[in-house]
Number of protein chains: 2
Amino acid sequence: MNRKPPWVQGPDGQSLEDSTADTLGIPDRKRNAPVGVFDSGVGGLTVAREIMRQIPEERLIYFGDTARLPYGSKSKDTIVRYSRQVVRFLRTKDVKAIVIACNTASAYALETIQAETDIPVIGVINAGARTAVSATRNGRIGVIGTEGTIGSGIYTEVIRKLGPQTQVIGKACPLFVPLVEEGLLHDSVTDEIASRYLSVLKGKYIDTLVLGCTHYPLLRSTLGRLMGDAVTLVNPAYETALELRDLLKAHDLNREPDACMEGEKYQFYVSDLAEKFTSFAAAILPNQVRETRKIDIENY
Amino acid sequence: MNRKPPWVQGPDGQSLEDSTADTLGIPDRKRNAPVGVFDSGVGGLTVAREIMRQIPEERLIYFGDTARLPYGSKSKDTIVRYSRQVVRFLRTKDVKAIVIACNTASAYALETIQAETDIPVIGVINAGARTAVSATRNGRIGVIGTEGTIGSGIYTEVIRKLGPQTQVIGKACPLFVPLVEEGLLHDSVTDEIASRYLSVLKGKYIDTLVLGCTHYPLLRSTLGRLMGDAVTLVNPAYETALELRDLLKAHDLNREPDACMEGEKYQFYVSDLAEKFTSFAAAILPNQVRETRKIDIENY
């Protein structure tokens, strides 16, 4: 990776800009930069986990907005404002790309952030929609998510663009996040609430169900049992990690697995309760989480 | 109320400062000023409602921090910072006194705000503690609240100061707020969750239970049925309204019922989702709620 093209060398063979640059002119510094990933709290760790699994060479900076969570019950204006502040924070860390690992923020803020930012930005909704359209056989897709995500109608819009004949049935499930946060992953109360929420989807004979909130994969076994084997559950996290991998390659921003590693590979930031976050992250992620730093996000 | 003491009149009998002032030198402008009431969201409306009932002559400015709710699961640092911003906002409205109508903010921020503010400030915890100590016969008091309120140990501290022989058993009930927000006030799921939370309190033979979160009075019938007739439920809102009435009188800040009313008697502000707040408030309050204004609380 240290071959320098002639146009970054001076007449005496010294580098004109970065000390290392690859054949396409993208400096290694840039390719070695981390990817920024953010969510309202811990939910986006299910997306970070997939990125760590699928593209283990990439470095990550994760931010969880724990001082202002949840995002799912707040307005578009507020979520766009919060997302802009988070993007400003992530850019101080020189990220090379950003993943909005929160369905509500993807629904409300992705377009705005993409228009305002000169690095690649992706959300989780396109990936989830694409997987669902490939998976369905009868053309009936269910989507569950927060009030914000379902109310925005974004999944229906994106899925119908990819498969105009598809029928999409959305259902907001506002109690799932508090139930997950309370640790009731396998519990009769969660079963009861889930069967109420899912009954409308079962009545529509869907064969594919998008888990349109990053907390929901943690309820996967309950949701799978209630929907039955004939329904495919789609977790957008996996497909998002693959989309990120392809995006980085397309922009020639993918990190070389053997590139020199300076500093920590994975860094975690939150706006509140750093220690609580560290224990949650340690339980979800395959790698050790040593430390979470707290920042004041309102200053960005 | 228009008799002016000599020290606010110039030699020619003209007022030196305010055009109207009472015998104690407190200008009517000040006595006519509204009381500021704040909470993380709609919960504090149960306190506002009691103030409207007990001291109907007072004007109120209510603020609900709906862009950053809930407060109950966040850290002391964060809640103190949020409370300071809210107080700065309320002071732009020239409030004469402030009621922190949120147990978590009362637990974490009351002392700091009182020390930094030159107008009277009260929370809801002293009132609740005092009522509980008067009500108990066997000296065993239960307190339910958010993780923040219970974790702070504030109710135990205040109750033990008032009644050193009292035994206090606290229990955090984090799912109650989402269940109330979801409207499941009378529901088998709420029954099941409540009986799990309350079982530890029943096992301790309490005879008094403090509803230490402003959302909980909305679950009163469920809680009363599960605890049984022998247990007195204490809602700090009623006692807080009386404490405010006495405090205003002690500071000679109580508004005269027949004083001239300029502008709206009750004003509502939130940091997000003003319309949703208006409908909720209209359902809880005896008076008509015409409008809720949205402000950007991070700017204060």
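My aim in this report is to walk through the structure given alongside it, one point at a time.

Quick notes on the rules
- Residues numbered from 1 in each chain as written.
- Chains lettered and ligands numbered in written order.
- Predicted model: local features only at pLDDT ≥ 70, side-chain atom pairs only at ≥ 80, totals over all residues.
- Heavy atoms only, no water.
- Least-squares fit on C-alpha atoms with pLDDT ≥ 70 in both.
- Contact = heavy atoms within 4.5 Å.
- Helix = DSSP H or I, 4+ residues; strand = E, 2+ residues; numbered from the N terminus.
- Polar contact = N/O pair within 3.5 Å; in protein donor to acceptor, adjacent residues only side chain to side chain.
- Buried < 20%, exposed > 50% of the residue type's maximum accessible area, 1.4 Å probe, protein only.
- Salt bridge = Lys/Arg side-chain N within 4 Å of Asp/Glu carboxyl O.

**Things to note about the relation of the copies chain A and chain B**
- Mapping chain A onto chain B leaves a residual RMSD of 0.0 Å; the transformation is a rotation of 180° accompanied by 0.0 Å of translation along its axis. As the rotation angle and translation indicate, the two copies are arranged about a two-fold axis. Scanning chain A for the C-alpha nearest the rotation axis identifies Arg-68 of chain A, at a separation of 2.3 Å.
- The residues that chain A uses at the interface reappear at the interface of chain B in 100% of cases, marking a shared surface.

**As for the environment of Thr-166 of chain A**
Residues and elements named next belong to chain A.
- Examined against the element boundaries, Thr-166 turns out to sit in the loop between α7 (154-162) and β6 (167-172).
- A C-alpha to C-alpha distance of 31 Å links Thr-166 and Lys-249, two positions 83 residues apart in sequence.
- The residues touching Thr-166, leaving out its near neighbours within four places in the chain, are Gly-139, Ile-141, Ile-159 and Arg-160.
- Among the polar contacts made by the side chain of Thr-166, one reaches the main-chain carbonyl oxygen of Gly-163 at a distance of 2.6 Å.

**Observations regarding the side chain of Thr-292 of chain A**
Residue and element names in this part refer to chain A.
- Its place among the elements puts Thr-292 in strand β10 (residues 292-294).
- For Thr-292, a relative accessible area of 10% puts it in the buried group.
- A polar atom in the side chain of Thr-292 sits 2.6 Å from the side chain of Thr-278.

**Here's the deal with the pattern of salt bridges**
- Within the structure shown, the criterion is met by 38 salt bridges over all chains.
- A salt bridge links Asp-207 of chain B to Arg-137 of chain B, with the nearest nitrogen and oxygen atoms 3.7 Å apart. On the criterion of sequence distance, the pair formed by Asp-207 of chain B in the loop between α9 (188-202) and β7 (208-211) and Arg-137 of chain B in the loop between α5 (125-135) and β5 (140-145) is long-range, its members being 70 residues apart.
- For Asp-207 of chain B, a relative accessible area of 6% gives the class buried.
- The exposure class assigned to Arg-137 of chain B is exposed, which follows from its relative accessible area of 60%.
- The network of salt bridges with common partners includes Asp-65, Arg-68 and Arg-81 of chain A together with Asp-296 and Glu-298 of chain B.

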